Number of protein chains: 2
Amino acid sequence: MLCYTAGQSNFSDTLSEKRVFDTMAKISKISGFPEWLPEQKLVEDTVVQTVKSVYELHGFVPIETPSVELRTTLNSQGIADKEIYVLQRARAEEGEVSDLGLHFDLTVPFARYVAQHFNDLVFPFKRYQLQRSWRGERPQKGRFREFYQFDIDIVGRDSLPLSCDAEVVLVVDKVFRKLALGKYVIKLNNRKVLFGLYESLGLSPDQQKQAIVSVDKLDKIGRAGVLSELTGTVGLKSDVGEKILAVCDVRCAAMDLSTVATELKVESPLFQEGVNELRQVLELVPEQHRTDLEIDFSLARGLGYYSGLILETRLVDFPDFGSVCGGGRYEGLVSQFLNKNVPGVGVSVGITRLMDLIFRNNLLPATRKSPARVLVSVFSEEQRLQCVQVAEELRLEGVAVEVFFKSLKLGKQIDFAAKKSIPYVLFIDPESSKISIKDVNSGEQNEVSDLKAWANSEQALNCSG
Amino acid sequence: MLCYTAGQSNFSDTLSEKRVFDTMAKISKISGFPEWLPEQKLVEDTVVQTVKSVYELHGFVPIETPSVELRTTLNSQGIADKEIYVLQRARAEEGEVSDLGLHFDLTVPFARYVAQHFNDLVFPFKRYQLQRSWRGERPQKGRFREFYQFDIDIVGRDSLPLSCDAEVVLVVDKVFRKLALGKYVIKLNNRKVLFGLYESLGLSPDQQKQAIVSVDKLDKIGRAGVLSELTGTVGLKSDVGEKILAVCDVRCAAMDLSTVATELKVESPLFQEGVNELRQVLELVPEQHRTDLEIDFSLARGLGYYSGLILETRLVDFPDFGSVCGGGRYEGLVSQFLNKNVPGVGVSVGITRLMDLIFRNNLLPATRKSPARVLVSVFSEEQRLQCVQVAEELRLEGVAVEVFFKSLKLGKQIDFAAKKSIPYVLFIDPESSKISIKDVNSGEQNEVSDLKAWANSEQALNCSG
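Conventions and cut-offs
- Residues numbered from 1 in each chain as written.
- Chains lettered and ligands numbered in written order.
- Predicted model: local features only at pLDDT ≥ 70, side-chain atom pairs only at ≥ 80, totals over all residues.
- Heavy atoms only, no water.
- Helix = DSSP H or I, 4+ residues; strand = E, 2+ residues; numbered from the N terminus.
- Expected span 1.5 Å × (residues − 1).
- Buried < 20%, exposed > 50% of the residue type's maximum accessible area, 1.4 Å probe, protein only.
- Pairing = 2+ DSSP bridges.
- Contact = heavy atoms within 4.5 Å.
- Buried area = accessible area lost by both parts, 1.4 Å probe.
- Salt bridge = Lys/Arg side-chain N within 4 Å of Asp/Glu carboxyl O.
- Polar contact = N/O pair within 3.5 Å; in protein donor to acceptor, adjacent residues only side chain to side chain.
- Nonpolar A, V, L, I, M, F, W, Y, C, P; charged D, E, K, R; others polar.
- Phe/Tyr/Trp six-rings, centres within 6.5 Å; stacked < 30°, edge-to-face > 60°.
- Lys NZ or Arg CZ within 6 Å of the ring centre and 35° of its normal.
- Least-squares fit on C-alpha atoms with pLDDT ≥ 70 in both.
- Axes fitted to C-alpha atoms, helices over the stretch in contact; angles between N-to-C directions.
- Arc of directions from axis to C-beta.

A. How the structure looks around helix α14 (residues 384-396) of chain A. All names here are of chain A. Look at α14: 18 Å from first C-alpha to last across 13 residues, which is about the 18 Å you get at 1.5 Å a residue. All buried positions along α14 are accounted for by Arg 384, Cys 387, Val 388, Val 390, Ala 391, Glu 392, Leu 394 and Arg 395. Positive backbone phi, at 90°, marks Gly 398, one or two positions downstream of α14.

Structure below.
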């Protein structure tokens, strides 16, 4: 708090400054909590807007949930490997136990939301949700402890047709086409394919779950690592482990699924059901959106709750980066909170991960430093109110305008516009009050007699750009 | 985690459901953490978009900061009355001390951001920031523990002209005009007016700060309460307390400021400086935006860091609701982190408080339940892919479309559209493939031969509405 001294009118320049420098607070980057510069935030906003526009074109409605859930809610999915951040009041009373934790994803809060507001929602309920999530991991390079995800989910009462799975796949394909981050592939699999295979190989239910977790690590620990887990922790014979790995090798285009699956000769109705579901989903995706889809029987997804379709998107030019988007179908998530059967299917785009990749590789250059299109220069302080009025005229036409904050030399004001990438500088002649506008890039300057007309032509140009 | 049984293809309907119902997780509303229904969230999005559009028209750039700051950063402002939430890993190791807390406002994180990225920013730096903040209060009715604020601030190197204060006032006036929530008043004062008065009355610097805090409670504890604090805790004589309260009675229109201030006969250069600053700020606000401004010498603002202009917005129809927007000028906030003088001025719109008021009083009715404009009905499952293709044609034209998820009777599909407030239902004749579109409200139905033309006329209508 500043310390004011009676009678001292310039207190802010003397006393308070001295006091403040004596007690300067420490600043340091907090590992795992990313923070962007304004020009980067403008790129993130564009990415978010692109994803959102696709979600809205499909009729998904927005919701948000609190950042916190009851710890019992967060733990109810038995997600044992997640690190949860618990909230504790700094001035908690002795023995006060906190029952609140920050959510670690958006799916569990969404399931709780559906259960809690069940009677106020129209089903099938299609929602999008853009929020931060938190993982209380130990700080380590490249891992985020706070990150944005942008999710969609569709949940139905009692049942949910496979057309909803197909819509999710279609939306993901459109999102990544529109983002234009280079070639990508949407990998598809079905948990029933995996569980069907595993039961046909004689795995117990417990071993099946463990096998999923192991196979999910294929990218990280490699074939040898997975085989060692399957024959070690999971307790399988080595030929069974080898068979599981052999099926992981299956990659095929959507159209080849049936042939390839038949050749595997897996004796299991569940496996066949998984293959049929995959085929039906593919058939409901419009043909022009099937080209980037790939069946990948090694895709397992780590989370426990998936029960049917699973999918992931990878950017082909960044094979080591892993998935930027993943999801699938689940059954038990809502019903853990509510005595109803509410199956769902959804997907999550990892916005923060994606932005990190975009910035590191300059995929979408961060060039804009301001939303302003025009800088109104100020010749003298006497002119300022007139400058503000001209700025207001332009703003009424939807043009973002900044009025320069001082009446420095005009050359300095033009430099400022260039530094902030504001494309036009407006001048008001102090004698005639005539207006002229300079294009900062070309240097061209013209008198403008009809400001409204100029604004609208400029806006039109801007919209098409 | 679901438990899968080998050979059981409908596992999700039997075993897992049973298991899940046995261990149903508790759900309950968490007091102080608001959560809106989708139709309410759509209203909030409109409010946010309105505020954002004004901010962007003035050239403010977006930033976001992490949800957490170092606890030393949060405490450095000496904000002793705020309750901070500390993050603790659920699986913290023995003796692990958390140095992270959730921010309680956006001003302190912003000041830290400016200090940290000082060399990467263009000054004067104008930013907007929409984020949640948290206050670890004990649960009590009507108090939010998690809430959105939407802030703007302008900070300058070494100095910041009063024209920036005027811009903040102008922006606030435009925001509340555009929100159209009824009559409002923007109350203005200047801390120098208060400190000048207090020093002329012989208060010590410490007493001055305490007097500010007391006067700030006028709405809550009334005149008698404030007087009792001034003569009690602060230790003033009762005639001094009375004089402070008498000045609190001053309310006047912008144009009457000089006359009214002169009549008070306060012998203090600092008081006069405050009055002059107020006058200069008012003169730099375009005349058409001065009508909702009011000078109010009782306005004090509780926070310690303000040093000049202070302002608050109140909705006239809800006098007991308090402020929905507040801010002012500060000097020492950035310099506590950095050996530079970086004065600033800014304001915060309390979005969550505002939404709460809007919903309770139905100021902006929550009628839209979906962004979709068209529901494509599905006559039979054989027709579905064709329906999806027609939906895609409309989406290419920017029309948000939902395809009905089942092939129920068409009447049920129309009911669904009505329930979700989707204005049009599209039918594809299963024989001729001809398309017709029904207006759900009027019941009128027409054949549409050129879908693209229809989409664009419908879009045009929608945009104008």
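B. Fine view of the pairing of strand β11 (residues 323-330) of chain A. Residue and element names in this part refer to chain A. The buried count for β11 comes to 8 of 8 residues, which makes it a mostly enclosed element. Both strand β10 (residues 306-315) and β11 contribute to a ladder of 6 bridges, which runs antiparallel. Each residue of the ladder has a partner; that of Thr 313, found in β11, is Cys 325. Inspection of the sheet shows β11 paired to strand β12 (residues 344-349) by 6 bridges, in the antiparallel sense. Of the residues in β12, the one forming a bridge with Gly 326 is Ser 348.

C. Quick look at the interface of chain B and chain A. At the interface, 142 residues of chain B touch 142 residues of chain A. Summed over both partners, the interface of chain B with chain A buries about 11900 Å², with 59% contributed by carbon and sulfur atoms. Taken together, the connections running from chain B to chain A amount to 12 salt bridges. With a shortest N-O distance of 3.3 Å, Glu 64 of chain B and Arg 132 of chain A are connected by a salt bridge. The tally of links from chain B across to chain A stands at 34 residue pairs in polar contact (both at pLDDT 80 or more). Across the side of chain B that touches chain A, the residue classes break down as 65 nonpolar, 33 polar and 44 charged. Bridge analysis of strand β3 (residues 85-89) of chain A against strand β3 (residues 85-89) of chain B gives 5 bridges, and the strand direction is antiparallel. Bridged to Val 86 of chain A within β3 of chain B is Gln 88 of chain B.

D. The arrangement of the environment of Glu 312 of chain B in detail. Residue and element names in this part refer to chain B. Mapping Glu 312 onto the fold places it in strand β10 (residues 306-315). Residue classification places Glu 312 among the buried residues on the basis of a relative accessible area of 6%. Along the sequence, Glu 312 and Val 185 sit 127 residues apart, while their C-alpha atoms lie 8.3 Å from each other. Residues contacting Glu 312, with those up to four places away along its chain left out, are Val 185, Ile 186, Lys 187, Leu 299, Arg 301, Ser 323, Cys 325 and Gly 326. Looking at Glu 312, its side chain comes within polar contact range of the side chain of Arg 314, at 3.1 Å.

E. Structural context of the packing of aromatic side chains. Residues and elements named next belong to chain A. Applying the stated rule across the entire model yields 29 aromatic pairs over all chains. Note on Phe 118 and Phe 123: the rings are 4.8 Å apart at their centroids and 35° apart in plane angle, and the pair reads as tilted. The buried category is assigned to Phe 118, whose relative accessible area is 3%. An aromatic cluster is defined as three or more aromatic residues linked by ring pairs; in this entry it consists of Tyr 55, Phe 60, Tyr 128 and Phe 150. Against the face of Phe 110 rests Arg 127, its NZ or CZ located 4.0 Å from the ring centre.

F. How the structure looks around the relation of the copies chain B and chain A. When chain B is fitted to chain A, the best match, at an RMSD of 0.0 Å, comes from turning it 180° and sliding it 0.0 Å along the axis. Both copies of the chain, as the preceding transformation shows, are related through a two-fold rotation axis. Taking the C-alpha atom as reference, chain B places Leu 87 of chain B closest to the rotation axis, 2.6 Å from it.

G. Highlighting the sheet that holds strand β11 (residues 323-330) of chain B. Residue and element names in this part refer to chain B. Ordered in space as β1-β5-β6-β12-β11-β10-β7-β9-β8, the 9 strands form an open sheet in which the pairing is mixed. Since the sheet does not close on itself, it has two edges, and those belong to β1 (61-62) and β8 (251-253), each with one partner. Along the sheet, helix α2 (residues 38-57) contacts β5 (125-134), β6 (146-155) and β12 (344-349); its crossing angle with β6, the most-contacted strand, is approximately 5°.

H. Helix α9 (residues 238-248) of chain B, seen in detail. Residues and elements named next belong to chain B. Here α9 has its buried residues at Val 240, Gly 241, Ile 244, Leu 245, Val 247 and Cys 248. Looking down the long axis of α9, one finds its buried residues gathered within 160° of arc, a one-sided arrangement. Against α6 (191-200), α7 (205-215), α8 (218-231), β8, α10 (257-264) and β9 (293-296) lie the buried residues of α9.

I. Representation of the sheet that holds strand β15 (residues 424-428) of chain B in the model. Residues and elements named next belong to chain B. On the basis of which strands lie adjacent, the open sheet formed by 5 strands has the order β14-β13-β15-β16-β17 and mixed pairing. Among the strands making up the open sheet, the edge pair consists of β14 (401-403) and β17 (445-447). With strand direction ignored, the average angle separating the axes of adjacent strands in the sheet is 25°. In this sheet, β15 lies alongside strand β13 (residues 374-376) in parallel orientation, the contact comprising 3 bridges. Each residue of the ladder has a partner; that of Val 376, found in β15, is Leu 426.

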